[in-house]
Amino acid sequence: PDLRTEFLDLPLANPLMNASGVWCSVASQLEALAECAAGAMVTKSCTLAQRDGNPEPRYRATPWGSINSMGLPNEGFPYYLNYARCHDYERKPLFMSLAGLTLDDNLTMVAELREAVTPVIMELNLSCPNVPGKAQVGYDFEAMDTFIHEIADAYDRPFGVKLPPYFDIAHFDEAAAILNAYPQIAFVTCINSIGNGLVIDPVSETVVIRPKDGFGGIGGDFVLPTALANVNAFFRRCPDKKIIGCGGVRSGEQVFLHLLAGAALVQVGTQLFEEGPLIFPRLLEELQAIMTAKGYDRITDFQGKLKTL
Ligand SMILES: O=C(O)c1[nH]c(=O)[nH]c(=O)c1I
């Protein structure tokens, strides 16, 4: 079967990529992603200045997924802009994730990104749940509208937003209404981690990560139904936009489900953290096996064709 696809008029070898934050914080990791089998890649969300992030331990894998409260550690915007300038775009598209701590910081980064002659695709992260004292924009619809309005004005190209999971139909409706008011938003990445879960070790009777009394974003198997719901909810509500699926992918089957639910591309987070970039050839093989078994020759044969009862 043919796994080739395209995104914003760019050809991709396949619809897979990393989730922002995983295996993409420093040049050595970015170079590994550039060389691996994934069809695209994205950088760690960055702030204007370098950040150490939260105290460790701040990430833990569990049998059903992961919990993290990294706290937005990153090398700072100039570092990732420099990588974007050096990236080989013939090899695969590069997305750059921005997560400024304030609207002004985002506007400063966006203005500089606009001046930089690079075909990088901006993914605006509105959903970081782990910066103490910063409520995430994705759950404040007024702030979300303002952020997007100002950033769309300051930027001259299509871009996307990384959203948190929503759980109420009224919130899907309200968030989609905001996004649909901005044609410049070409894609929506659903979902970021499910914020502020709590993993407790029954033996030590202790939380498993240090920051925020053990509260952190949940990823992995546990979030798959919520991820698929958010992908499909925005796929139905934003017909003029692409949806990038993220959440709960550990095998070809979940890639297939995200594509069926309407995803154009599929990001891998927790399982990439655990397995490394060699997960991508495995996921591609497993996806191809599923397509062969079902008689699908290409992604468009089933993409977005989820059936209801
Ligand atoms: O704690 C983090 O760095 C982090 N962790 C997440 O789970 N999602 C995010 O968007 C971010 I910026």
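Refer to the structure printed above.
Student: How should the site of the ligand be read in this particular structure?
Tutor: Surveying the vicinity of the ligand reveals the residues K44, N68, M70, G71, L72, P73, N125, C128, P129, N130, N192 and S193. A distance of 2.8 Å separates an oxygen atom of the ligand from a polar side-chain atom of K44. One of the side-chain N or O atoms of N68 is found 2.8 Å from an oxygen atom in the ligand. In isolation the ligand exposes 320 Å². Once the protein is present, 92% of that is buried. Class assignment of the residues belonging to the shell around the ligand gives a composition of five nonpolar, six polar and one charged.

Student: Would you explain the sheet that holds strand 11 (residues 194–198) in this entry?
Tutor: Paired through backbone hydrogen bonds, the strands of a sheet run either parallel or antiparallel to each other. Read from one edge to the other, the open sheet built from four strands follows the order 5-6-14-11, with strand pairing classed as antiparallel. Strands with a single pairing partner mark the edges of an open sheet, and in this sheet they are strand 5 (59–62) and strand 11. On average, adjacent strands in this sheet sit at an angle of 35° to one another, irrespective of strand direction. Bridging between strand 6 (residues 65–68) and strand 14 (residues 215–219) involves three bridges; their strand directions are antiparallel. Within strand 14, the position partnered with I67 by the bridge is I218.

Student: Sorry, what's going on with a nonpolar patch on the surface here?
Tutor: Together, L198, I200, V207 and F215 make up an exposed nonpolar region whose accessible area comes to about 320 Å². Residue placement: L198 occurs in strand 11. L198 sits in the partly exposed class, given a relative accessible area of 39%.

Student: Is there a simple way to explain helix 5 (residues 169–180) in this structure?
Tutor: Given 3.6 residues per turn, any residue in an α-helix points the same way as the ones three and four places further on. Taking 1.5 Å of rise per residue, the 12 residues of helix 5 would be expected to cover 16 Å, and the 16 Å separating its terminal C-alpha atoms lies within 8% of that figure. Considered for burial, the residues of helix 5 that qualify are F172, A175, A176, I178 and L179. Seen along its axis, helix 5 keeps its buried residues to an arc of 155°; they face one direction. With respect to the buried face of helix 5, the exposed residues turned more than 90 degrees away are I169 and A177. Buried residues belonging to helix 5 abut helix 4 (141–154), strand 9 (159–163), strand 10 (185–190) and helix 6 (224–237). N-cap assignment for helix 5: the residue whose side-chain oxygen lies 2.8 Å from the backbone N of A170 is D168.

Student: How should the nonpolar core be read in this particular structure?
Tutor: For soluble globular proteins, nonpolar side chains are generally found buried alongside one another. Core analysis: the biggest nonpolar cluster contains 87 residues, and L98, M144, V161 and F234 have the highest contact counts within it. Here the element with the most residues in this core is helix 4; it accounts for eight residues.

Student: Teacher, can you tell me more about the packing of helix 6 against helix 7 (residues 252–260) here?
Tutor: Packed helices, taken two at a time, are described by their axes: the angle between them and the distance between them. Taken N-terminus to C-terminus, the directions of helix 6 and helix 7 make an angle of 25°; their axes are 9 Å apart at the nearest point. Between helix 6 and helix 7, the angle is such that the two are roughly parallel. The residues of helix 7 that touch helix 6, namely those facing L224, A227, L228 and V231, are Q254, L257 and H258. Along the lines of polarity and charge, the residues of the contact of helix 6 with helix 7 split into five nonpolar, two polar and no charged.

Student: Whenever I open this one, the packing of aromatic side chains confuses me. Can you help?
Tutor: Aromatic ring pairs are defined here through the distance separating the ring centres and the angle between the ring planes. For the coordinates displayed, the defined rule picks out 14 aromatic pairs. Each ring, one from Y166 and one from F234, has its centre 6.1 Å from the other, and the planes form 55°; the classification is tilted. Residue Y166 is located in the loop between strand 9 and helix 5, and its partner F234 is located in helix 6; the two are separated by 68 residues in the primary sequence. Like F234, Y166 is buried. Both rings, one in F256 and one in F302, keep their centres 4.7 Å apart while their planes meet at 35°; by these two values the pair is tilted. Linking F256 in helix 7 with F302 in the segment after helix 9 (279–294), this pair joins segments that are 46 residues apart in sequence. F302 sits in the buried class, given a relative accessible area of 0%. Connected via pairs of aromatic rings, a cluster forms that spans Y139, F141, Y166, F172 and F234.

What counts and what doesn't
- Residues numbered from 1 in each chain as written.
- Predicted model: local features only at pLDDT ≥ 70, side-chain atom pairs only at ≥ 80, totals over all residues.
- Heavy atoms only, no water.
- Near = heavy atom within 4 Å.
- Polar contact = N/O pair within 3.5 Å; in protein donor to acceptor, adjacent residues only side chain to side chain.
- Areas by Shrake-Rupley, 256 points an atom, 1.4 Å probe, with all protein chains shown as cover.
- Nonpolar A, V, L, I, M, F, W, Y, C, P; charged D, E, K, R; others polar.
- Pairing = 2+ DSSP bridges.
- Helix = DSSP H or I, 4+ residues; strand = E, 2+ residues; numbered from the N terminus.
- Axes fitted to C-alpha atoms, helices over the stretch in contact; angles between N-to-C directions.
- Patch = residues over 30% accessible without salt bridge, like charges linked within 9 Å, V, L, I, M, F, W, Y side chains within 5 Å.
- Salt bridge = Lys/Arg side-chain N within 4 Å of Asp/Glu carboxyl O.
- Buried < 20%, exposed > 50% of the residue type's maximum accessible area, 1.4 Å probe, protein only.
- Expected span 1.5 Å × (residues − 1).
- Arc of directions from axis to C-beta.
- Contact = heavy atoms within 4.5 Å.
- Core = buried A, V, L, I, M, F, W, Y, C linked by side-chain atoms within 4.5 Å.
- Parallel < 35°, antiparallel > 145°, perpendicular 65-115°, else oblique.
- Phe/Tyr/Trp six-rings, centres within 6.5 Å; stacked < 30°, edge-to-face > 60°.

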